[in-house]
Amino acid sequence: MKKSILLLVTIILITGCSKPEIKTTIENNDALVSINYPVTNINALDDAVSTYVNQTYNNFKKSYKHLTKPELNITYTYKELNDDVINISLNTEINADKNINKIKTFTYDKKTKKFLSMEDIVDDLDALDYDIKKALLEKYQEADMDFLSNVNYDYFTIDDENLTIYLGPAELKSQGNEIIYLDIPLNSLKMLIDIDKSNGSDNYINIKKRDINYDDHIVALTFDDGPSKYTDKILNILKKYDACATFFVIGNKVDFYDETLTKMLKNGNEIGNHSYSHKWLNRLSKEEFEEEITKTQTEVQKATGFTPKLFRPTYGGYTNKLKSYTDLTFVLWDVDSSDWKVKNKDKIINNIIPNVKDGSIILMHDNHEYAVNALEDVIKKLQEKGYKFVTVSELLELKKIRENE
Ligand code: ZN
């Protein structure tokens, strides 16, 4: 019997622009660790950011080693305010015996080779102080201004519309550990630097389609925790062998790899959702979980025009309750390469090849080089055994057709 599954030809959107590399570290040993931050190739800025990240990581490791599965989650925002000035904010969340949430901001001027503070960016700090208090009252009617002891301008981001100020428990002397953010419209401020608005030129491409036969022995490669600078190499290897994979991307990084994501689709791969900031999902409220999903969907749509249908839970952990909060299909795996753990080509190959059967889903990671090194051999060996590579959606569809026979 011959039946075919066709991937629909879809019009997708691409935008292009040069971006920093996003470095990702994910660990699931004694602790759950997810760290994402940009690397700009500007030494002073990269040193400051990586020093802060390493200090945070080392302190976390030291402080919580007696606990089971404490979680460290570091995400970022990145914005080129104009041709010279870059603003990077790191958001650190620690979930352990207590919850800690803090923001650290770096604003760097490439031209003067100096880190900028708010004084260098906004002209009248008294006026800004007034705007902040006004915004605080508008947003939090119950806010007591006496609590606003000493406004700290160290933590902020800037987008096309707003200067966003983050106030932590220290500034507000509040009981909770929540970070409060306040949007101050840029047009209400006298700025000392020019802020360029985002721009992007759009154009369109077609996705290629693939035939799968009913009796094919199929296998799906999946890559988590990207995109990264390694993803492009993986795409080239897949293309060389006419293979494909499904990439479960971290939404927070997508904007920096829009061309890589477009290439994924162009080459017949699939993109899935791996949350926005790689938190341990079981700790999240319904709203927080939905936000993790929705923000990634939006990022992928913005970068490619494609809407993911699949979701891979971070650390492979989820509850049925979480599952009921989204229409996306949850996808785990039955073959684990443990590439991030064994860090060795032969071990990775050995974790995969003997365990693959018809319909297997293989877990790999595209945020480090280990998977790249092993991939060529993995593909060759599986093709020698007669396997055909399909995307996860194609695999699920063929399984459904087979079950209904
Ligand atoms: Zn992951």
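In the block above lies the structure referred to throughout.
None of these values were measured; they are calculated from a predicted model. (Residues numbered from 1 in each chain as written. Predicted model: local features only at pLDDT ≥ 70, side-chain atom pairs only at ≥ 80, totals over all residues. Heavy atoms only, no water.)

Chemist: Mind showing me how you'd approach helix α11 (residues 345–352) here?
Modeler: Each turn of an α-helix holds 3.6 residues, which means side chains three or four residues apart point in the same direction. Residues of α11 that are buried: Ile-348, Ile-349 and Ile-352. All buried residues of α11 project into a common sector of 95° when viewed along the axis, lining one side. Among the exposed residues of α11, those oriented more than 90 degrees off its buried face are Asp-346 and Asn-350. Elements that come into contact with the buried residues of α11 comprise β17 (335–336), α10 (339–342), β18 (360–365) and α12 (369–384). (Buried < 20%, exposed > 50% of the residue type's maximum accessible area, 1.4 Å probe, protein only. Helix = DSSP H or I, 4+ residues; strand = E, 2+ residues; numbered from the N terminus. Arc of directions from axis to C-beta. Contact = heavy atoms within 4.5 Å.)

Chemist: I tried to follow the pairing of strand β2 (residues 21–28) on my own but got confused; where do I start?
Modeler: Across eight bridges, the pairing between β2 and strand β3 (residues 32–39) is antiparallel. The residue of β3 that forms the bridge with Ile-22 is Pro-38. Joining the antiparallel neighbours β2 and β3 is a turn of three residues. (Pairing = 2+ DSSP bridges.)

Chemist: It is not clear to me how the nonpolar core should be interpreted in this structure. Could you clarify?
Modeler: Within soluble globular proteins, side chains that are nonpolar generally end up buried alongside one another. One finds Leu-90, Leu-221 and Leu-238 to be the most contacted residues of the largest nonpolar core, which totals 65 residues. No other element matches α12, which puts seven residues into this core. Built from parts of two domains, this core gets at least three residues from each of domain 1 (21–188) and domain 2 (215–403). Excluding residues within four positions of it along the chain, Leu-90 makes contact with Tyr-37, Val-49, Tyr-52, Val-53, Ile-74, Thr-75, Tyr-76, Lys-102, Ile-103, Lys-104 and Phe-106. Core analysis: the second largest hydrophobic core is formed by 23 residues, Ile-132, Leu-163, Ile-180 and Leu-189 among them. (Core = buried A, V, L, I, M, F, W, Y, C linked by side-chain atoms within 4.5 Å. Domains from an automatic or database assignment.)

Chemist: Sorry, what's going on with the packing of aromatic side chains here?
Modeler: For any pair of aromatic rings, the description rests on two quantities: the centre-to-centre distance and the angle between the ring planes. Taken as a whole and assessed by the stated rule, the structure comprises 11 aromatic pairs. With centroids separated by 5.0 Å and ring planes inclined at 55°, the aromatic side chains of Tyr-318 and Phe-330 adopt a geometry described as tilted. On the criterion of sequence distance, the pair formed by Tyr-318 in the loop between β15 (310–311) and α9 (320–324) and Phe-330 in strand β16 (residues 329–330) is long-range, its members being 12 residues apart. By relative accessible area, which is 12% here, Phe-330 ends up buried. Following the ring pairs from residue to residue traces out a cluster consisting of Phe-289, Phe-311, Tyr-318, Tyr-325 and Phe-330. (Phe/Tyr/Trp six-rings, centres within 6.5 Å; stacked < 30°, edge-to-face > 60°.)

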